[in-house]
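Topology and contacts: notes
Letter by letter, the chains look like this.
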Amino acid sequence: MQTILAVENESFKLKINSSDKSRHNFVPRQHSADVSCCRNSFAAFQIIILCDGHACINLGNSPWFSEFYGAENIHVRHKGELTPVMNHIGMLLGDDGELYADMLKSSPVTDAAANVPSGIFVRFEISENVKPGKYSGVFLFYKSVLFGDEELIDKLEYTVNVNSAVLPKPHDGAFELDLWQHNCNIARKAEVENWSDRHFEIIEPYIKTLADLGARTVTAVVSEIPWSGQRCFRDKQTTSNLFEYSMVSVRKDGSGAYSYDYSVLDRYIELCFKYGIDRSIEVFGLINNWISADEGFENFTETPDAIRIRYTLPDGTHSYMRKAKDIEDYITALCSHFKEKGLLDKVRVVADEPEDHATFKKTIEALKRIVPEFRYKAAVMTKPFYDEFKNDIEEFCVNITGIANAYEEWEQVFKNDKSHLFTYYVCCFPPVPNTFLASDLLESRYIAILADYFGFKGFLRWNYTVWPRDPRNDIRCSLWPAGDTNFVYPAGDMSPLLTLRYMALRRGIEDFELLQLMKSKKNAEAVNRVYDIVISDRDFGSFYDGQKSIKRFDAISAARQEEYQRARDTMYLALSENVE
């Protein structure tokens, strides 16, 4: 069997034609790797293997026999000063019918079909204690068949150049990463009861991966299905269940009095705080709850917003609050609980893309009357919403298309308004830049650098674990582009599997943090050099026509790994200089 080995950069996304898997975008170019990073960061590259026969590629040491007769075993070993983390890269089907590299699989072994390339993502986690300098090593590839001896067939050498710069740890950084958590979807995939002990055991590793990425906000759901399941009932093809449920349980006794149990809410907040996700607690379910009256998801309460508070009766049956007074008492008690826990200053009541200004105005006026202490955040599309509610809302997260379509007006806001915290977001639109399965991995780096250029504090995305029915095999949804719903996957044991997109976003956040370090040294010239390298087109007002992208990624940004590495090297050089 002939085996071709090559190195690709960390931003390479293998693409394979699903109907003819011998057609792909892999062209062997490099046989060694020379990568760089700073401390509290990671160095990474990919190894691509292409065999003309069926192969089992083993990154571990346990024996493995394939069910495919005649398959050869390829055993990968490493020698070097640094310890690598190696993951086989799983391929997922995109909306265009092509297979895209994405999932970092946990199994040490994968089967590679004849004439179909297979990828390995290699990274070296570099702590702040690693001394700057060059570190070399080699990956050795051995071949064997059944009970035969292993024979060395090839090797790939690499060098990791560790720069002296030190990034802040994720929870100490400046970037405000807001990735909404959909924990009940995790429970569904694990087939466990919502908020049970087992559910929390499964959730914890996901919280850690969020913290490792630099997430700063807790998603607290305090009424039932605030997004109406993302209206998943409209998806007639994949039929995924995406409903999220309250962390607060309510009981009504025989006299008609209500009691509230916050133990799940408190436990979840404490879990997030344990890992440094503690800047804010975003409360969902009190304002701008999504309705779909035609499908029955309407507002059945006396309140202007569809606040769905479910309670348990003494006989164990359930119902929902309808009277305004009962719902107001619930909200008052919730506010008092946050106050008693010393958390009220961190609480932000969140509205997700409010469209009905009249209803929103009634709701926020009612909430301010009931609990004037609450503070508010909104993910918005248009500047008129900001104009109308800027005195009510403390934090605005603006969709990038909304910024582009009124860029001159928003530019003045971002320049002059220092009383609000501004971040931005992408979701199912625009097509570029985004973090879809088919997106260029460099788009995730561009997103973070663009946040700095706009003067934003960070970035929001609604997805993390909003998986469709069978995510490890198919993440396509008829309602959203493939990959719009998740940054990680569930392994067979429900532990989180990271992705190439996760690693690219992590790299982009590092770029943002390095830019902040440069600004702290008042090195504006070097910051502008980075912008010049990465941002190809600064005419943001021309990026979109409504929600349709009119420019390709390579028209608005540098689109090669080498250019982004040049930007990174520029930052390293600037930070090594004593500029005051």
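What you see is a predicted model; the values in this text were computed from it and never measured. (Residues numbered from 1 in each chain as written. Predicted model: local features only at pLDDT ≥ 70, side-chain atom pairs only at ≥ 80, totals over all residues. Heavy atoms only, no water.)

What follows is about the pairing of strand β22 (residues 395-399). Burial analysis of β22 places 5 of its 5 residues in the buried class, the great majority of the element. Looking at chain direction, strand β21 (residues 376-380) and β22 are connected through 4 bridges and run parallel. The residue bridging K377 from the neighbouring strand is E395, located in β22. As a crossover connection, the stretch from β21 through helix α6 (residues 383-389) into β22 is right-handed. In terms of strand pairing, β22 meets strand β23 (residues 421-425) through 5 bridges, oriented parallel. The partner of E395 across the bridge, within β23, is L421. (Buried < 20%, exposed > 50% of the residue type's maximum accessible area, 1.4 Å probe, protein only. Helix = DSSP H or I, 4+ residues; strand = E, 2+ residues; numbered from the N terminus. Pairing = 2+ DSSP bridges. Right-handed = clockwise from strand over helix to strand, strands pointing away.)

Ranked by size, the top nonpolar core spans 171 residues in total, and within it F45, I331, F338, F374 and Y446 carry the most contacts. With 10 residues, the top contributor of residues to this core is helix α10 (residues 500-520). Apart from residues no more than four positions distant in its own chain, F338 is found in contact with L265, I269, V283, L343, L344, V347 and F374. W290, A379, C477 and W480 belong to the second largest nonpolar core, which has 20 residues in total. (Core = buried A, V, L, I, M, F, W, Y, C linked by side-chain atoms within 4.5 Å. Contact = heavy atoms within 4.5 Å.)

Compared with the 18 Å implied by 1.5 Å per residue over 13 residues, the 18 Å span of helix α9 (residues 442-454) between its first and last C-alpha is a close match. Most of α9 sits out of view: 12 of its 13 residues are buried. Listing the buried residues of α9 in full gives L442, E443, S444, R445, Y446, I447, A448, I449, L450, A451, D452 and F454. Phi for G455, located one or two positions after α9, is positive at around 85°. (Expected span 1.5 Å × (residues − 1).)

This brings us to the pairing of strand β1 (residues 3-9). Taken across its 7 residues, β1 has 5 buried, putting it largely inside the fold. Pairing analysis gives 7 bridges linking β1 to strand β4 (residues 41-51), with the strands arranged antiparallel. If you follow T3 over to β4, its bridge partner there is C51.

Here the focus is the sheet that holds strand β11 (residues 133-144). A sheet is described by the order of its strands in space; here 6 strands give the open sequence β3-β12-β11-β6-β5-β9, paired in mixed fashion. Looking along the sheet, the strands with just one partner apiece sit at the ends: β3 (32-39) and β9 (109-112). On average, adjacent strands in this sheet sit at an angle of 25° to one another, irrespective of strand direction. Across 7 bridges, β3 lies against strand β12 (residues 151-166) in parallel orientation. Bridge pairing in β12 places D34 opposite T159. (Axes fitted to C-alpha atoms, helices over the stretch in contact; angles between N-to-C directions.)

Let us look at the packing of α9 against α10. Packed helices, taken two at a time, are described by the angle between their axes plus the distance between the axes. Put simply, α9 and α10 touch, their axes get as near as 7 Å, and they point 25° apart. Classified by the interaxial angle, the pair formed by α9 and α10 is roughly parallel. Crossing angle aside, the handedness with which α9 passes α10 is right-handed. Contacts between α9 and α10 involve S444, R445, A448, I449, A451 and D452 on the former and, on the latter, R501, A504, L505, R507, G508, I509, D511, F512, L515, Q516 and K519. Classifying every residue of the contact of α9 with α10 gives 8 nonpolar, 3 polar and 6 charged. (Parallel < 35°, antiparallel > 145°, perpendicular 65-115°, else oblique. Left-handed = near helix turned anticlockwise from the far one by under 90°. Nonpolar A, V, L, I, M, F, W, Y, C, P; charged D, E, K, R; others polar.)

Moving on, we get to the sheet that holds β4. If you trace the 6 strands from one edge of the open sheet to the other, you get β1-β4-β10-β7-β8-β2, paired in antiparallel fashion. Only two strands of the sheet have a single partner each, and these edge strands are β1 and β2 (15-17). On average, each strand axis in the sheet is tilted by 30° relative to the strand beside it, whichever way the strands run. Sheet topology places strand β7 (residues 85-93) next to strand β10 (residues 118-126); 5 bridges connect them, and they run antiparallel. Residue pairing in the sheet places I89 in a bridge with G119 of β10. Across the sheet, α10 touches β4, β7, β8 (98-104) and β10, and the angle it forms with β4 is around 150°.

Of the positions making up helix α11 (residues 524-534), those classed as buried are A526, V527, V530, Y531, I533 and V534. Take α11 and look down its axis: the buried residues cluster within an arc of 165°, on one side only. α11 presents E525 and D532 as exposed residues on the side facing more than 90 degrees away from its buried surface. The inward-facing, buried residues of α11 abut α9, α10, α12 (553-556) and α13 (561-576). (Arc of directions from axis to C-beta.)

With the rule as written, the count across this model stands at 39 salt bridges. For E394, the salt bridge is made with R375, and the minimal N-O distance between the two is 2.7 Å. Of this pair, E394 sits in the loop between α6 and β22 while R375 sits in the loop between α5 (357-370) and β21; the two residues are 19 residues apart in sequence, bridging distant segments of the chain. Judged by relative accessible area, R375 falls into the partly exposed class, the value being 28%. (Salt bridge = Lys/Arg side-chain N within 4 Å of Asp/Glu carboxyl O.)

Its location among the elements puts N289 in the loop between β17 (280-284) and β18 (310-312). Using a relative accessible area of 6% as the deciding quantity, one classes N289 as buried. Leaving out residues up to four positions away in the same chain, N289 has contacts with S223, P226, D305, A306 and I307.

Mapping N17 onto the fold places it in strand β2. Residue classification places N17 among the buried residues on the basis of a relative accessible area of 8%. A polar contact of 2.8 Å, which involves the side chain of N17, links it to the backbone nitrogen of D20. A polar contact of 3.2 Å, which involves the side chain of N17, links it to the side chain of E98. Excluding residues that lie within four positions of it along the chain, N17 makes contacts with R23 and E98. (Polar contact = N/O pair within 3.5 Å; in protein donor to acceptor, adjacent residues only side chain to side chain.)

A few words on the state of the cysteines. One pass over the structure, following the stated rule, counts 0 disulfides. Among the cysteines around C38, which has no disulfide bond, C37 carries the closest sulfur, lying 6.3 Å off. Residue C38 is classed as buried on the basis of its relative accessible area of 0%. Here C56 is not disulfide-linked; the sulfur of C51 is the nearest cysteine sulfur, at 10 Å. (Disulfide = S-S within 2.5 Å.)

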